[in-house]
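A look at the structure
Each chain, written out:
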Amino acid sequence: MVEAISVEPITAEAFGGYGEVLDCAGEPDRIINQGLCGRYHDRARMDFGAGRAGISLFRAEPRELPLTLEMVERHPEGSQAFVPMSLDPFLVIVAPDLAGRPGRPRAFLTEAGQAVNLRRGVWHGVLTPLHAPGLFAVVDRIGEGANLEEYWFDTPYEVRRTTGA
């Protein structure tokens, strides 16, 4: 039997155990560029083992809900920030770590203009845009050695949209 996961609106509090929601909430930390730009300073905790930060571009095919979630992955050597290059919301699936295995996943829907940073070692679903073009700038670790672990669920989950999400 497939267990259902309801999509939740993303908030800094709900997502806090997995990483940071990157947005321009609240007042800027400082005003720059001759008073024409608000800087929201240092919004993500980037964390890399051996290697360096790099920016890559990802183009992912849009998905539809309900979505069958069969697998999650994590990157033990570095955090990973997903910055959409359009104003479309996207789906973020994360799961707590339970002694080296993922616990029950949670699904979040971003708002237009939001990005996320996944902490180092956080179990997460694959990049899941819901709209074309599915183009993202991704800031993550570039370096030698393995930085990907996958976990395939014995029984997949079904991610569903509910009212309000």
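The preceding data block contains the structure.
The model shown is predicted, which means the values in this text are computed figures rather than measured ones. Throughout this description, residue numbers start from 1 for each chain and increase along the sequence as written. Confidence filtering applies because this is a predicted model: local features only for residues at pLDDT of at least 70, side-chain atom pairs given and counted only at 80 or more, and all residues used for totals across whole chains, interfaces and linings. In computing side-chain properties, one takes all heavy atoms of the structure into account and sets aside hydrogens as well as water.

**Regarding the pattern of salt bridges**
The term salt bridge refers to a side-chain nitrogen of Lys or Arg lying within 4 Å of a carboxyl oxygen of Asp or Glu. Taken as a whole and assessed by the stated rule, the structure comprises nine salt bridges. Between Arg120 and Asp47 there is a salt bridge, with its nearest N and O atoms 3.1 Å apart. Here the residue Arg120 occupies a position in the loop between strand 12 (115–118) and strand 13 (123–124), and Asp47 occupies one in the loop between strand 4 (37–39) and strand 5 (52–59), the gap between them amounting to 73 residues. Arg120 serves as the salt-bridge partner of Glu77, at 3.6 Å between the closest nitrogen and oxygen. Remark: Arg120 occurs in the loop between strand 12 and strand 13 and Glu77 occurs in the loop between strand 6 (67–74) and strand 7 (80–84); sequence separation between them is 43 residues. For every residue, the accessible area obtained with a 1.4 Å probe (protein chains only) is divided by the maximum for its type, and the residue is called buried under 20%, exposed over 50%, and partly exposed between those limits. Classification of Arg120 by relative accessible area gives partly exposed; the value is 31%. Each helix is a run of H or I in the DSSP string that is no shorter than four residues. Each strand is a run of E no shorter than two, and both are numbered from the N terminus.

**A closer look at the environment of His131**
Looking at the secondary structure, you find His131 in the loop between strand 14 (128–129) and strand 15 (135–142). C-alpha of His131 to C-alpha of Gln114: the two residues are 17 residues apart in sequence and 14 Å apart in space. Not counting chain neighbours up to four residues away, the residues in contact with His131 comprise Pro62, Asp88 and Pro89. Any two residues whose heavy atoms approach within 4.5 Å at even a single point are treated as in contact.

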